[in-house]
Amino acid sequence: MTHIKVKVDGTAYEDDVEPRLLLVHYLRDRLGLTGTPIGCDTSNCGACTVELDGATVKSCSVLAVQADGGEVTTVQGLARDGEWTPLQHAFHERHGLQCGYCTPGMIMAARDLLRENPHPAPNEVRQALEGNLCRCTGYQNIVRAVLAAAEHQVGEEARA
Ligand code: FES
Ligand code: FES
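Residues numbered from 1 in each chain as written. Chains lettered and ligands numbered in written order. Predicted model: local features only at pLDDT ≥ 70, side-chain atom pairs only at ≥ 80, totals over all residues. Heavy atoms only, no water.

The name recorded for the chain in an unreviewed UniProt entry is Carbon-monoxide dehydrogenase small subunit, from Streptomyces echinatus. Under the UniProt heading Pathway (unreviewed entry), the entry covering the chain gives this text: "Alkaloid degradation; nicotine degradation." (UniProt positions renumbered as here; feature names shortened; annotations may be inferred.)

Peer 1: Sorry, what's going on with the nonpolar core here?
Peer 2: Looking at soluble globular proteins, one finds that nonpolar side chains tend to be buried together. Grouped together as the largest cluster of nonpolar side chains are 23 residues, with contacts concentrated most on L87, F91, M106, L129, I142 and V146. Among the elements of the structure, α2 (86-93), α3 (103-116) and α5 (140-152) are those that each provide at least two residues to this core. Non-local contacts of V146, meaning those with residues more than four positions away in its chain, are made with L87, F91, A110, L113, L114, V125 and L129. Counting 16 residues, the second-largest nonpolar core is a separate cluster that includes V17, V50, L52 and A67. (Core = buried A, V, L, I, M, F, W, Y, C linked by side-chain atoms within 4.5 Å. Buried < 20%, exposed > 50% of the residue type's maximum accessible area, 1.4 Å probe, protein only. Helix = DSSP H or I, 4+ residues; strand = E, 2+ residues; numbered from the N terminus. Contact = heavy atoms within 4.5 Å.)

Peer 1: Even after reading the chapter, I still don't get the environment of I38, so can you show me in this structure?
Peer 2: Looking at the element boundaries, I38 is found in the loop between α1 (23-30) and β3 (49-52). On a C-alpha basis, the gap between I38 and H25 in space is 8.7 Å, while along the polypeptide they are 13 residues apart. When neighbours within four sequence positions are excluded, I38 is seen to be in contact with V24, H25, R28 and Y101.

Peer 1: Whenever I open this one, the pattern of salt bridges confuses me. Can you help?
Peer 2: When their charged atoms lie close together, side chains carrying opposite charge are able to pair. Under the counting rule described, the total for this entry stands at four salt bridges. Note that R30 and D15 form a salt bridge whose closest N and O atoms lie 3.6 Å from each other. On the criterion of sequence distance, the pair formed by R30 in helix α1 and D15 in strand β2 (residues 11-17) is long-range, its members being 15 residues apart. Relative accessible area serves as the criterion here: at 40%, R30 is assigned to the partly exposed category. With a shortest N-O distance of 3.4 Å, D112 and R115 are connected by a salt bridge. With a gap of three residues between them, D112 and R115 both fall in helix α3, about one helical turn apart. Residue classification places R115 among the partly exposed positions, given a relative accessible area of 28%. (Salt bridge = Lys/Arg side-chain N within 4 Å of Asp/Glu carboxyl O.)

And the structure:
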């Protein structure tokens, strides 16, 4: 067992974990943060995307011990005082989801894009989300949602 300390969505945790435990399993099974789904377990689908120390990662391809001393943000840590971010609103309003399974990963990946490129072109949105698979929507409304969020965002808070 390895002892880790990690901050997740603003809360500090300490745990003893198996060195082989994946971050996504740590989040879901130990911390109960089931808002981050597992879609494939082979780092193909992007459903498990979270932020680790400012970088977007697929949490099924990262070990929990690699997050030791670090800070993780999941989709469950985005809302502030119960208020969705503009990006979350945009997914809702532009019908950027159907079953919702891919949505946490899509939102985390799109959030990363908008921080880097606040006003992306449609093809830049598609490129940024190419590591995230959706079985339902045909992607059109996902791209529309990200573009809508980009249009409405003002300042750092809106990008979060
Ligand atoms: S569950 Fe991690 S990429 Fe599919
Ligand atoms: S909304 Fe169902 S997989 Fe994307």
